[in-house]
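Coordinate analysis (summary)
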Amino acid sequence: MELLDFMMECAKIERTIEISRQFLTKIPSFHPYQAFKQIDLHDDGYITAQTIQVFLHRFGQLHTLKECGILFYKPEFKYVDFLRFLLPTNQLLRDYISHSDQKTQQSNECLKEIAKHISLEIVLMNNLLPPKSLDKLANGTREDIECLFKKERLFVYQDEIDAIIKRLDFYGDGQIDLLLLKNWVLILNQQIKSKNQKESSSTFATPKKKVQIQNAIKTTERKGSTKNTPKVMNVSPKKGNLMEKQKSTKKVANYETQKQEIRGKIAQKKQEGETEKKMIKEVQTNKKNVNNLSKIKPKSPYEIIEYLLDKEIKIEKVKQQLALQKEFNTLDAFHALDVYGKGSIGVEEIDTLLNQKSGQSVHIFSRFNSNQLSYHDFLYLLQPYSVNFAEILNTRQPSIGGNQKKISQLFSNQTIKLLIELLTLLQQIPVKLNADIQLFTKIDSITRDNFIGVSDLQQYLYESGLRYTHHEAMLLINAYDKDKDGRLSLQEFLDM
């Protein structure tokens, strides 16, 4: 692998791990020090690959000692290193964790999620291919990395450079230590050699992570066992008549207030019905516009690739617009769509939201090989590729009592329109490329490593008269990259 492709792969891994870190911070009983003490079995003040392996085996995450060793770029992995490994980059979330109560016991469910997070990091890092050489890196600073991309005439975003430095900065001083990086690359090379010896042709797929969402605890009032018994009082007939009159006037007043409340509720329902009708009309118009795009039948391969790429760019733009809506958050949206309260979203719920025939949204579920969307799957669908927008979306807190409200009560019409537009785009069956091996070898003309990377795709489109940025080309690769290694294999390309 070339050095720049290796760096972009590191940035992609960092984004995926950052989402998992932010998810951990939302668990109430999460505290990193208690997790560190759970892994540090011998109470030595540091953890090793062996203690990590024991901890992961305890929660059903099976990894070999060599696979766990990919995390340890230092001989002693202390608590400071563990914090950098577990905490998100967002300073607000870091402050929230630092001020949390350390005395509260960490639940078994929280430890299980931490084990899943560590297992995800092990899987991604063991799947990372090392670069051929590190000679192009001069000092490992931000300016050095930017110069490398400029020399190759490749565009790179600032958030991608931040992710590269975050992943390869082992000391946490804002730059890459080249000696530690070389040692770490040697470990990666050893891992690949051992894999090649065991299996000549092995395909590695990242396991699907399902996240169990705990339903909100509903508190119900206890009904009193004792009944209110009326007290017997000696009352004169005049006072009795006055009391009866007062009771009758109170009843009339209560009846009138109840009437007014009922009338107000009826008026609110009428308004909601009118707004829903307007939304349905807008959704139908949006659907027509989206369906018009799908009717286009390009002929040449580069036209089909251009069409697919433009579709992924449009999906990314809608995701970014949705993330910028201040009232929108993924947890409230998940609970609102989970009508039956079963902890997952089915095909029927998506069809009712989009006001369409049953089964039209099956393509959304086909990418997860399931007929139900967990919260982790739903977050994956709504998560923008850009780190800045993803951070805005993930750090937004859910509203109080949001799990008991409808989607029209939670979000504005603009937000609901964007959500519907995104799901409508995602449910479309994409145009097939019907590619062959000759087209694959033609696109794989720069690296010639039997994989289609970002630079290969950019060069092919550039020769066809189309210019796309590194970020835009990566959107298309990410959409069809099943094993999430940042490039397209021959089988993945033929499935397009």
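Everything in this summary refers to the structure shown in the same document.

About the criteria used
- Each residue is numbered by its place in its chain's sequence as written, counting from 1.
- Totals for whole chains, interfaces and linings use all residues, but because this is a predicted model, local features are given only for residues with pLDDT of at least 70 and pairs of side-chain atoms are given and counted only at 80 or more.
- With hydrogens and water excluded, all non-hydrogen atoms of the structure serve as input to the side-chain values.
- Runs of H or I in DSSP of at least four residues are treated as helices and runs of E of at least two as strands, each being numbered from the N terminus.
- Any two residues whose heavy atoms approach within 4.5 Å are treated as being in contact.
- Method for areas: the Shrake-Rupley scheme with a 1.4 Å probe, in which residue coverage is limited to the protein chains shown.
- Only protein chains enter the area calculation, which uses a 1.4 Å probe; residues under 20% of their type maximum are buried, those over 50% are exposed, and those in between are partly exposed.
- Nitrogen and oxygen atoms within 3.5 Å of one another constitute a polar contact, given that in protein one can donate a hydrogen and the other can accept it, and given that sequence-neighbouring residues count only through two side-chain atoms.
- Definition of nonpolar core: a set of buried residues of the types Ala, Val, Leu, Ile, Met, Phe, Trp, Tyr and Cys, connected through side-chain atoms within 4.5 Å.
- Any two of the Phe, Tyr and Trp rings considered here, Trp counted by its six-membered ring, make a pair once their centres fall within 6.5 Å; the pair's planes then place it as stacked at under 30 degrees, edge-to-face at over 60, or tilted in between.
- Criterion for a salt bridge: a side-chain nitrogen of Lys or Arg within 4 Å of a carboxyl oxygen of Asp or Glu.
- All axes here are fitted lines through C-alpha atoms, helices being fitted over the stretch that makes contact, and every angle between N-to-C directions spans 0 to 180 degrees.
- Angle categories are assigned with fixed cut-offs, so that under 35 degrees is roughly parallel, over 145 is roughly antiparallel, 65 to 115 is roughly perpendicular, and the rest are oblique.
- Crossing handedness is defined as follows: a turn of the near helix away from the far one that is anticlockwise and smaller than a right angle gives a left-handed crossing, while the clockwise case is right-handed.
- In this count, Pro and Cys sit with the nonpolar residues alongside Ala, Val, Leu, Ile, Met, Phe, Trp and Tyr, while Asp, Glu, Lys and Arg are called charged and the others, Gly among them, polar.

1. Describing the overall build of the protein
- Helix and strand content of the protein: 23 helices and four strands.
- Within the protein, contacts between residues at least 6 apart in sequence are counted, and of these 74% link residues at least 24 apart.
- Per element, the accessible surface of the protein, about 28,800 Å² overall, is 52% carbon and sulfur.

2. Let's talk about the environment of Ile 118
- The topology assignment puts Ile 118 in helix H7 (residues 108-126).
- Residues Ile 118 and Phe 55 lie 63 residues apart in sequence; the distance between their C-alpha atoms is 9.9 Å.

3. With respect to the side chain of Arg 15
- Tracing the sequence through the fold places Arg 15 in helix H1 (residues 3-25).
- Residue classification places Arg 15 among the buried residues on the basis of a relative accessible area of 10%.
- At 3.3 Å, the side chain of Arg 15 forms a polar contact with the side chain of Glu 160.
- In this structure, Arg 15 is in contact with Glu 160, Tyr 385 and Val 387, ignoring residues within four places of it in sequence.

4. Description of the nonpolar core
- Membership of the largest hydrophobic core comes to 58 residues, with the highest contact counts inside it found for Ile 118 and Trp 184.
- Counting residues per element, the ones that place at least two in this core are H1, helix H2 (32-39), helix H3 (49-58), helix H5 (79-86), H7, helix H8 (142-151), helix H9 (158-168) and helix H10 (178-198).
- Per-element tally for this core: the top contributor is H1, with ten residues.
- Not counting the four nearest positions on each side in its chain, Ile 118 is found in contact with Ile 39, Ile 52, Phe 55, Leu 56, Leu 71 and Phe 85.
- The next biggest cluster of nonpolar side chains, apart from the first, holds 35 residues, and it includes Phe 328, Leu 379, Ile 416 and Leu 425.

5. What about the packing of aromatic side chains?
- Counted by the stated rule, this structure contains nine aromatic pairs.
- Arranged with centres 5.5 Å apart and planes meeting at 80°, the rings of Phe 334 and Tyr 375 form a pair that is edge-to-face. Residue Phe 334 is found in helix H13 (residues 330-337), and its partner Tyr 375 is found in helix H16 (residues 375-382); the two are separated by 41 residues along the sequence.
- Owing to a relative accessible area of 0%, Phe 334 belongs among the buried residues under this scheme.
- With relative accessibility at 5%, the residue Tyr 375 sits in the buried group.
- Consider the rings of Phe 334 and Phe 378, whose centres lie 5.9 Å apart with planes at 55°: the pair is tilted. Pair noted here: Phe 334 is in helix H13 and Phe 378 is in helix H16, with a separation of 44 residues, a long-range link.

6. Some thoughts on the pattern of salt bridges
- For the structure shown, the criterion picks out 13 salt bridges.
- Residue Glu 14 pairs with Arg 167 through a salt bridge whose shortest N-O separation is 2.8 Å. One end of the pair, Glu 14, is in helix H1; the other, Arg 167, is in helix H9, and 153 residues separate them in sequence.
- Taking relative accessible area as the criterion, Glu 14 reaches 4% and is therefore assigned buried.
- With relative accessibility at 9%, the residue Arg 167 sits in the buried group.
- Close ionic contact of Glu 152 with Lys 136 constitutes a salt bridge, the shortest N to O distance being 3.6 Å. Of this pair, Glu 152 sits in the loop between H8 and H9 while Lys 136 is found in the loop between H7 and H8, placing the two residues 16 residues apart along the sequence.
- For Glu 152, a relative accessible area of 42% translates into the label partly exposed.

7. Structural notes on unusual backbone geometry
- The backbone of Asn 355 sits at a positive phi, close to 55°, despite the residue not being glycine.
- Inspection of the secondary structure assignment puts Asn 355 in the loop between helix H14 (347-354) and helix H15 (362-366).
- Exposure remark for Asn 355: the relative accessible area of 40% places this residue in the partly exposed category.
- Here Asn 369, not a glycine, exhibits a phi torsion of approximately 55°, which is positive.
- If you trace the backbone, Asn 369 turns up in the loop between H15 and strand E4 (372-373).
- Residue Asn 369 is classed as exposed on the basis of its relative accessible area, which comes to 74%.

8. Quick word on the environment of Gly 465
- Among the secondary structure elements, Gly 465 is positioned in the loop between helix H21 (454-463) and helix H22 (470-480).
- Residue classification places Gly 465 among the exposed positions, given a relative accessible area of 64%.
- A sequence separation of 163 residues divides Gly 465 from Tyr 302, and the C-alpha atoms of the two residues are 9.7 Å apart.

9. Notes on the packing of H13 against H16
- At a closest axis distance of 10 Å, the pairing of H13 and H16 adopts a crossing angle of 120°. When the axes of H13 and H16 are compared, the pair comes out oblique. For the pair H13 and H16, the sense of crossing is right-handed. The residues of H16 that touch H13, namely those facing Thr 330, Leu 331, Ala 333, Phe 334 and Leu 337, are Tyr 375, Phe 378, Leu 379 and Leu 382.

10. Thoughts on the side chain of Gln 22
- Here Gln 22 lies in helix H1.
- You can call Gln 22 buried: its relative accessible area is 3%.
- One polar contact links Gln 22 to Asn 394, side chain to side chain, over a distance of 3.0 Å.

11. Brief notes about the packing of H1 against H7
- Viewed as axis vectors pointing N to C, H1 and H7 meet at an angle of 175°, and their least axial separation amounts to 10 Å. Taken together, the axes of H1 and H7 are roughly antiparallel relative to one another. For the pair H1 and H7, the contacting residues are Ile 13, Thr 16, Ile 17, Ser 20, Arg 21, Phe 23 and Leu 24 in the first and Glu 113, Ile 114, His 117, Leu 120, Glu 121, Leu 124 and Met 125 in the second.
- Residue classes in the contact of H1 with H7 are distributed as eight nonpolar, three polar and three charged.

12. Describing H22
- In terms of burial, H22 is a largely internal element, nine of the eleven residues being buried.
- Those residues of H22 lying buried are His 470, His 471, Ala 473, Met 474, Leu 475, Leu 476, Ile 477, Asn 478 and Tyr 480.
- For H22, the elements touching its buried residues are H1, H9, helix H12 (301-324), H21 and helix H23 (490-494).

13. Regarding the environment of Leu 461
- By the secondary structure assignment, Leu 461 is in helix H21.
- Under the relative-accessibility criterion, Leu 461 is labelled buried at 0%.
- With 155 residues separating them along the chain, Leu 461 and Glu 306 place their C-alpha atoms 8.1 Å apart.
- Dropping the residues within four chain positions of it, Leu 461 is found in contact with Ile 305, Leu 309, Leu 466 and Tyr 468.

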